[in-house]
Structures are given as structure tokens and as C-alpha cells.
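Residue strings, one per chain:
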Amino acid sequence: MARVICVHGIGQQFGGEREQHGRWWPAMADGLSRAGHEDRLKPADIACVFYGDLFRPPGRVLSGSEPPWDAADVEPEFEAELLRLLWAEAARTDPAVVPPDAPTLARTPRSVQRALDALSRSRFFSGLALRALVADLRQVRRYLCDPGVRPAVAARVAARITPDTRLLVGHSLGSVVAYESLAAHPEWPVRALLTLGSPLGIRNLVFDRLSLPAGGAPGDWPGSVEQWTNIADEGDVVALAKDLRPLFGERIHSHLVHNGAHAHDMTRYLDTAAAGAAVADGCGLR
């Protein structure tokens, strides 16, 4: 009967719930220690929602390899626009990245290739293969635009909620999943939300596409939670809007942290004192 439910982000199509737990739990425990709450939670107190397999390429489960995607495979509307925003943000935070030379990225394979080349030189995307970056863009688009994906992911979150659940933690795209799930279920016992490296503040592509119950609107408070903490790294390109308060309200506890070269890494977010304090508060450990 987990007190904390964790929701992963993109790029997790290979693995599962137990593998995720093996990464989330130690980092969360370290964060609790940093915040002065060592040994207040046990491994059984957290559970991980896994939905990455919904994005696993069909017919490749034996090889475990990604499709050979390149610039020509980037969808010309949603994915190209998201790529442009990531490029501009990477250029703002990383002097090694040449900024876009126009206010909009022309939706052609050649200009998309320029964006991919620029991002490949950034600290943020260092070591990430081009095909993996294209796959990540595709996962975001599929979750937000494919009518069959959202309900499947939401069902997996709902299946993990128990009467003991008090905190929902979402990293990257998982923060969007967590927000939408809480908005759809105000009856849940969850009292706190922790979002890490969240893209919730990306206007048009994410914020304005949020799925909410009838009568709801983007920017509404998520369900009946009492506390929402959002943590971002200044160099996290995915967390385009570091401060979510202008869009979701002043009630959010907003923190900036420094994660080093791996600005978007989930474990580096979770092992901070800020995350540990939010977990402790959400679980009523204080």
C-alpha cells in the first residue's frame, strides 16, 4: 500500500516497474536524508507507474534496438515546433549551442537537421543518439495528440493509487501525467504533488493541450491536493518554464536546483534537499 507513487518521463520504453523502483527509491531516500528525514520511509512505501512499453517500437522486442529515425522522420508540426523550442532554450543556457537564426524553425527536413545538429553539441543532449532524440519527440506528441495513449497511461496511474497514497511524483512528461490524473480524480486521497523537470509550462504544445475534466481549464489547481512543489534546474531544457506559478497560481512551492551536466536527470532532482522536504511534507513526516 504505497504512500508515494512515482511517474517516469520519456525515453523509458525499455524496463519496467521494478527497474524504475531501483532508480527512484535510492535517490528519494538520499533526498530525505539531505532534508533531515533519514529512514522515515521504506522501499515498500513507494511504487512506480510504468508506461514506457506503450512507446516500445513494435516488432523490435527481441533486438531491443530503436528504429533508424533521422531528421526526415520528425513530424512537421508538433515535433518540429517542440524541437525549435528546445533548440532556443539550449542556446540560451549553453554557450556551445548556436541559436536559431530565425524566429521560427522552417518545417523542412534540412532545417530540422540543423536543429538536431545544434542540440547534439549541447551539454544537455550530450551522448544522446539522434534517433533517440527523435523518438523522445515522438513520445511527447503521441501522449498529447494520440487519443489512445492518454487513457492507457491514466489507467496505469489509477491502478496504483490506494487509500494510503499521499504523494504523486512526476518527472518530465510524468509531471503532465500526474497533473492530469489528479485533476481527473479529486476524490483520491493524494494530498501533495511533486513535479521535477516539468514541461507543463510550455505554452501551445503542452499547457494548452492539457486534458481536464468537463468545465476545467489549463491552469486549474490539480484536484484536491493541498501542496504542489515544482523543482527545476536552470539548465533543464525540457523544463522550459522554470517557474510554473504564472500559469498555475502562487500556491506552488517553486525551487531552482543545480544538477550539473545532467540537468534533467531524475535522480539528481530527487536527491536534493528540496525534493526530500517535499516528500516529507507530502507524506506527513514532519
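Residues numbered from 1 in each chain as written. Predicted model: local features only at pLDDT ≥ 70, side-chain atom pairs only at ≥ 80, totals over all residues. Heavy atoms only, no water.

**Q** Help me out: how do you make sense of the pattern of salt bridges in this one?
**A** A side chain of one charge can pair with a side chain of the opposite charge if their charged atoms are brought near each other. Within this structure, the stated rule accounts for 13 salt bridges. Glutamate 180 is paired through a salt bridge with arginine 150; the nearest N and O atoms lie 2.7 Å apart. Of the two residues, glutamate 180 sits in helix 6 (residues 173-184) while arginine 150 sits in helix 5 (residues 149-160), which places them 30 residues apart along the sequence. Here glutamate 180 falls in the buried class, since its relative accessible area comes to 7%. (Salt bridge = Lys/Arg side-chain N within 4 Å of Asp/Glu carboxyl O. Helix = DSSP H or I, 4+ residues; strand = E, 2+ residues; numbered from the N terminus. Buried < 20%, exposed > 50% of the residue type's maximum accessible area, 1.4 Å probe, protein only.)

**Q** Hey, could you run me through the packing of aromatic side chains in this one?
**A** Geometry of an aromatic ring pair is reported as the spacing of the ring centres plus the angle between the planes. Per the stated rule, a full pass over the model turns up six aromatic pairs. Among the aromatic residues, those joined into a ring-pair cluster are Tyr179, Phe207, Trp221, Trp228 and Phe248. Between arginine 251 and the ring centre of tryptophan 221, over which it is positioned, the NZ or CZ distance is 3.9 Å. (Phe/Tyr/Trp six-rings, centres within 6.5 Å; stacked < 30°, edge-to-face > 60°. Lys NZ or Arg CZ within 6 Å of the ring centre and 35° of its normal.)

**Q** Just to check I follow, could you spell out the nonpolar core for this structure?
**A** Nonpolar side chains in soluble globular proteins tend to end up buried together. Counting residues in each nonpolar core, the largest one holds 62 residues, and the members touching the most others are Tyr143, Leu168, Trp228 and Phe248. Residue assignment for this core shows that the elements contributing at least two residues are strand 1 (4-7), strand 2 (46-49), helix 2 (78-93), helix 3 (109-120), helix 4 (130-145), helix 5 and helix 6. If you tally residues by element for this core, the top one is helix 2, at nine residues. Excluding residues within four positions of it along the chain, tryptophan 228 makes contact with Tyr179, Leu193, Thr195, Leu200, Trp221, Pro222, Leu244, Phe248, Arg251, Ile252 and His253. (Core = buried A, V, L, I, M, F, W, Y, C linked by side-chain atoms within 4.5 Å. Contact = heavy atoms within 4.5 Å.)

**Q** What exactly am I supposed to notice about the packing of helix 1 (residues 17-34) against helix 9 (residues 273-282) here?
**A** Helices that pack against each other are described as a pair by the angle of their axes relative to one another and the distance between those axes. Across the interface, helix 1 lies against helix 9 with an axial gap of 7 Å and an inter-helix angle of 90 degrees. Viewed along their axes, helix 1 and helix 9 adopt a mutual orientation that is roughly perpendicular. Along its contact with helix 1, which presents Met28, Gly31, Leu32 and Arg34, the element helix 9 presents Ala273, Gly276, Val279 and Ala280. Residues of the contact of helix 1 with helix 9, tallied by class, amount to five nonpolar, two polar and one charged. (Axes fitted to C-alpha atoms, helices over the stretch in contact; angles between N-to-C directions. Parallel < 35°, antiparallel > 145°, perpendicular 65-115°, else oblique. Nonpolar A, V, L, I, M, F, W, Y, C, P; charged D, E, K, R; others polar.)

**Q** How do you make sense of helix 6 when you look at a structure like this?
**A** Every α-helical turn comprises 3.6 residues, leaving residues that sit three or four positions apart pointing alike. With 12 residues, helix 6 ought to run about 16 Å at 1.5 Å a step, and its terminal C-alpha atoms sit 17 Å apart, in line with that. The element helix 6 is largely enclosed, with a buried count of 11 among its 12 residues. (Expected span 1.5 Å × (residues − 1).)

**Q** Explain the side chain of glutamine 20 to me, please; I cannot follow it from the model alone.
**A** Considering the arrangement of structural elements, one finds glutamine 20 in helix 1. If we skip the residues at most four places from it in the chain, glutamine 20 touches His8, Gln12, Cys48 and Phe50.

**Q** Honestly, the pairing of strand 3 (residues 167-171) in this entry has me stumped. Any pointers?
**A** Working note: regular strand, side chains alternate between the two faces of the sheet. Burial runs high along strand 3: five of the five residues are buried. With burial as the criterion, each face of strand 3 is covered, one bearing Leu167, Val169 and His171 and the other bearing Leu168 and Gly170. Relative to strand 3, strand 1 is paired through four bridges, and the arrangement is parallel. In the sheet register, valine 7 faces strand 3, and the bridge partner there is glycine 170. With five bridges connecting them, strand 3 and strand 4 (residues 192-196) associate as parallel partners. Pairing of histidine 171 across the sheet is with leucine 196, part of strand 4. Following the chain from strand 3 across helix 6 to the adjacent parallel strand 4, one finds a crossover that is right-handed. (Pairing = 2+ DSSP bridges. Right-handed = clockwise from strand over helix to strand, strands pointing away.)

**Q** Would you mind showing me how to read the sheet that holds strand 3 here?
**A** Strand pairing in a sheet is mediated by backbone hydrogen bonds. Such pairs are either parallel or antiparallel. As summarised here, the arrangement of the six strands in space is 2-1-3-4-5-6, forming an open sheet in which the pairing is parallel. The open sheet has two edge strands, strand 2 and strand 6 (253-257), and neither has a second partner. For this sheet, the mean inter-axis angle between neighbouring strands, taken without regard to orientation, is 15 degrees. Packing against the sheet, helix 1 makes contact with strand 1, strand 2 and strand 3, and its axis sits at approximately 130 degrees to strand 2. Against the sheet, helix 6 engages strand 1, strand 3, strand 4 and strand 5 (227-233), with an angle of about 145 degrees to strand 3.

**Q** Got a minute to help me understand the side chain of histidine 264 in this structure?
**A** With respect to the helices, strands and loops of the structure, histidine 264 is situated in the loop between strand 6 and helix 8 (266-270). Histidine 264 gets classed as buried once you look at its relative accessible area, which sits at 16%.

**Q** Any chance you could explain the environment of arginine 92 here in plain terms?
**A** Looking at where arginine 92 falls in the secondary structure, it is placed in helix 2. Considering only alpha carbons, one finds arginine 92 and glycine 235, 143 residues apart in sequence, at a separation of 8.9 Å. Once residues lying within four places of it in the same chain are set aside, the contact partners of arginine 92 are Glu234 and Lys242. For arginine 92, the side chain forms a polar contact with the side chain of glutamate 234, separated by 2.8 Å. (Polar contact = N/O pair within 3.5 Å; in protein donor to acceptor, adjacent residues only side chain to side chain.)

**Q** How should unusual backbone geometry be read in this particular structure?
**A** Most peptide bonds take the trans configuration, and most residues that are not glycine carry a negative phi. For serine 172, which is not a glycine, the phi torsion comes out positive at approximately 60 degrees. Within the secondary structure layout, serine 172 lies in the loop between strand 3 and helix 6. We classify serine 172 as buried; its relative accessible area is 2%. In this structure, asparagine 204 is a non-glycine residue whose phi angle is positive, near 70 degrees. As for its position among the elements, asparagine 204 is in the loop between strand 4 and strand 5.

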